[in-house]
Amino acid sequence: VPDLEERIRLKQGIEVASGVQKSLLPRLPPALTGFDIAAASRYCDETGGDFYDFIPITRDGRAGLGIAVGDVSGHGISAALLMATARAFLRGRVTQPGSLANMIGDVNRLLCRDTDVSGQFATLFYLEIKAGADTLDWVRAGHDPALLYDPETDAIFTLKGEGMVLGVEAEMDWTANRFSDLRAGRIVAVGTDGIWESRNAHGEMFGKARFEAAIRSRSGDAAREILVGILSDLDAFRGGVAQSDDVTLVIVKRE
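Scope of this entry: the structure provided in the associated data block. It should be emphasised that the depicted structure is a prediction, and the values quoted were computed from it without experimental measurement.

Glancing now at the pairing of strand β8 (residues 176-179). Along β8, the buried face is formed by N177 and F179; none of A176 and R178, which line the opposite face, is buried. In the sheet, strand β5 (residues 136-141) pairs with β8 via four bridges, with the strands oriented antiparallel. For W138, the partnering residue across the bridge sits in β8 and is N177.

Looking at where R62 falls in the secondary structure, it is placed in strand β3 (residues 62-72). Relative accessible area serves as the criterion here: at 38%, R62 is assigned to the partly exposed category. As a C-alpha pair, R62 and Y43 span 19 residues in sequence and 35 Å in three-dimensional space. Once residues within four sequence positions are removed from consideration, R62 is found in contact with I57, K130, A131, G132 and A133.

Our next topic: the packing of aromatic side chains. Following the criterion strictly, the structure yields four aromatic pairs and no others. Ring centres of W196 and F211 lie 5.4 Å apart, and the angle between their planes is 50°; on these two criteria the pair is classed as tilted. Of this pair, W196 sits in the loop between β9 (187-191) and α4 (207-216) while F211 sits in helix α4, placing them 15 residues apart in sequence. You can call F211 buried: its relative accessible area is 1%. Lying over the aromatic face of W196, K208 brings its terminal NZ or CZ to 4.6 Å of the ring centre. The cationic tip of R254 hangs over the ring face of F35; the distance from NZ or CZ to the ring centre is 5.1 Å.

Before going further, it helps to spend a moment on the sheet that holds strand β4 (residues 122-130). Pairing is antiparallel across the open sheet formed by five strands, whose spatial order is β2-β3-β4-β5-β8. The sheet is open, and its two edges are formed by β2 (50-59) and β8, each paired on a single side. If you compare each strand with its neighbour and ignore which way they point, the axes differ by 20° on average. Across the face of the sheet, helix α2 (residues 76-94) comes into contact with β2, β3 and β4 while running at roughly 5° to β2.

Next up on the list: the packing of α2 against helix α3 (residues 100-115). In a pair of packed helices, the angle between the axes and the distance between the axes together describe the arrangement. At a minimum axis separation of 9 Å, α2 and α3 run at an interaxial angle of 150°. If you check the angle between α2 and α3, you find them roughly antiparallel. Seen along the crossing, α2 lies across α3 with a hand that is right-handed. Here L82, T85, A86, F89, L90, R93 and V94 of α2 lie close against α3, whose contacting residues are M103, I104, D106, V107, L110, L111, D114 and T115. In the contact of α2 with α3, the residues fall into ten nonpolar, two polar and three charged.

Each value, and the rule that gives it
- Residues numbered from 1 in each chain as written.
- Predicted model: local features only at pLDDT ≥ 70, side-chain atom pairs only at ≥ 80, totals over all residues.
- Heavy atoms only, no water.
- Buried < 20%, exposed > 50% of the residue type's maximum accessible area, 1.4 Å probe, protein only.
- Helix = DSSP H or I, 4+ residues; strand = E, 2+ residues; numbered from the N terminus.
- Pairing = 2+ DSSP bridges.
- Contact = heavy atoms within 4.5 Å.
- Phe/Tyr/Trp six-rings, centres within 6.5 Å; stacked < 30°, edge-to-face > 60°.
- Lys NZ or Arg CZ within 6 Å of the ring centre and 35° of its normal.
- Axes fitted to C-alpha atoms, helices over the stretch in contact; angles between N-to-C directions.
- Parallel < 35°, antiparallel > 145°, perpendicular 65-115°, else oblique.
- Left-handed = near helix turned anticlockwise from the far one by under 90°.
- Nonpolar A, V, L, I, M, F, W, Y, C, P; charged D, E, K, R; others polar.

Here it is as structure tokens:
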């Protein structure tokens, strides 16, 4: 009986932690002139290390939005705790003055104080857009590049950038990047590796090619329909195989 009571207490604690973590994710997509945005996270355990966030910002006197997608190493409670810490550091820093590269450097230095003993780390793709503007500014910290799809030419571009993961080396530099031709209809997809590394019963991975095809086939839809369609394709591919990694996806479509 004492063992059973202890297991019940642990389960209740995990359920509370899961509820707290989910409450940190945005409940609704933000409204920003010129953009249609949708996002979702699915955890493979009660808690996870993936996260996404939308942070209202002002750049050059114009309202904008910081879009973050991150992936903390590992799963469970420890990953969830570091995820919440990274989110808090990022939110506190990007609303202050400075360059994107310096902002991410400051977040990394703070995070390194918490990962020095645990050895954990986090990848991050941080993107900024401004109301009605055709520019994308981003920093990539060890995260898979975002994809940009142009339905006019059927071309897919990768939004790359120099920079290692966060939480490993305190004194590291990151590079800010810019794309200045985000025309109407173009789609940006930022995800975590739980999407393309998902496997079916035969051990085959979903892969980047299927991910890109899922975006192409729905390019005329709204951001929410694109998001739901990709996740549905992923579920159908896995079949009855349980999700083995957290899955996070943000879709940004230029209106």
